[in-house]
Amino acid sequence: MSYDDNNIFAKILRGEIPAHKIYEDARSFAFMDIMPIAEGHSLVIPKCPAADLLSLDADYAAATIQTVQKIARAAKRAFDAPGVFVGQLNGEAAGQTVFHIHFHVIPRDGKSAPFAFHGRKEAASEILSAHAAKIAAALE
Ligand code: AMP
């Protein structure tokens, strides 16, 4: 996916617009989501131009997931949350709205309505097997 230098998170990284910073290191940056879907909802982004996970440099991916882990642990402690959701969308079809790769880190209290994420029906074994083979064959 092509990268637009003027996306909102690129502007935050350049300090052109404000953000509620939690943490940063040489390769990653964590800040509060401006429209939280639960208390403590934050975002973690790499400090490199990549629109989605698929186009992210592997070293930055490694650094970013380490920061996600750090923020998830801290958010769990800070909000006394029994669980933490970590999510990440790639492409408009998946619901992505800001095209600088980011991870959502969201404390979950176990009482609020669950996200509509899990399927409701187990798939046939031969379908799962065929799909596993299809993805495996597309590995690079
Ligand atoms: P996604 O749909 O995964 O691309 O999520 C983009 C997220 O960015 C949404 O949860 C927005 O609330 C959040 N967002 C958009 N603009 C800002 C901003 N200026 N500062 C912080 N979060 C933002």
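See the structure shown above.
**Some thoughts on the pattern of salt bridges**
Line of reasoning, step 1. Counted by the stated rule, this structure contains three salt bridges.
Line of reasoning, step 2. A single network of salt bridges, built from pairs that share partners, joins Lys 21, Glu 24 and Lys 47.

**Here's the deal with the nonpolar core**
One recurring pattern in soluble globular proteins is that nonpolar side chains are buried together.
Line of reasoning, step 1. Ala 30, Val 44, Cys 48, Ala 50, Leu 56, Val 68, Ile 71, Ala 72, Ile 101, Phe 103 and Val 105 form the largest nonpolar core, which has eleven residues in total.
Line of reasoning, step 2. If you list the elements that add at least two residues to this core, you get helix H2 (58–78) and strand E5 (103–108).
Line of reasoning, step 3. Here this core takes three residues from H2, the largest share from any one element.
Line of reasoning, step 4. Setting aside chain neighbours within four positions, we find Ile 71 in contact with Ile 22, Tyr 23, Ala 30, Ser 42, Val 44 and Val 105.

**A word on the environment of Arg 27**
Line of reasoning, step 1. By secondary structure assignment, the location of Arg 27 is in the loop between strand E1 (21–24) and strand E2 (28–32).
Line of reasoning, step 2. Along the sequence, Arg 27 and Pro 114 sit 87 residues apart, while their C-alpha atoms lie 32 Å from each other.
Line of reasoning, step 3. Once residues lying within four places of it in the same chain are set aside, the contact partners of Arg 27 are Ile 45, Pro 46, Lys 47, Asp 59, Tyr 60, Ala 63 and Thr 64.

**Some thoughts on the pairing of E1**
Line of reasoning, step 1. Sheet topology note: the E1/E2 ladder contains three bridges and is antiparallel. When the bridges of E2 are listed, Tyr 23 appears paired with Ala 30.
Line of reasoning, step 2. Adjacent in sequence and paired antiparallel, E1 and E2 are bridged by three residues.

**Quick word on the sheet that holds E5**
Line of reasoning, step 1. Across the sheet, five strands lie side by side as E1-E2-E3-E5-E4; this open sheet has antiparallel pairing. Whereas interior strands pair on both sides, the edge strands pair on one side only; in this sheet they are E1 and strand E4 (83–87). Ignoring which end each strand starts from, the neighbouring axes of this sheet average 20 degrees apart.
Line of reasoning, step 2. Helix-sheet contacts for H2 involve E1, E2, strand E3 (42–46), E4 and E5, and the interaxial angle to E3 is about 160 degrees.

Reading the values: the criteria
Each chain carries its own residue numbering, running from 1 in the written order of its sequence. Reporting in this predicted model follows two pLDDT cut-offs: at least 70 for local features of residues, and 80 or more for side-chain atom pairs to be given and counted; totals over whole chains, interfaces and linings ignore these cut-offs and use all residues. Processing note: side-chain calculations cover all non-hydrogen atoms of the structure and skip hydrogens and water entirely. The term salt bridge refers to a pairing of a side-chain nitrogen on Lys or Arg with a carboxyl oxygen on Asp or Glu at a separation within 4 Å. Nonpolar cores are built from buried Ala, Val, Leu, Ile, Met, Phe, Trp, Tyr and Cys residues. Side-chain atoms within 4.5 Å join them into one set. Residue exposure (1.4 Å probe, protein chains only): buried if accessible area is under 20% of the type maximum, exposed if over 50%, otherwise partly exposed. Numbering of helices and strands runs from the N terminus, with a helix taken as a DSSP run of H or I at least four residues long and a strand as a DSSP run of E at least two residues long. Only heavy atoms matter for contacts: two residues are in contact if any of them lie within 4.5 Å across the pair. Strands pair, by our definition, only if DSSP identifies at least two bridges between them. Helix axes are fitted only over the stretch in contact, all axes being lines through C-alpha atoms; the angle between N-to-C directions runs from 0 to 180 degrees.

None of the figures reported here should be taken as evidence of function without further support.
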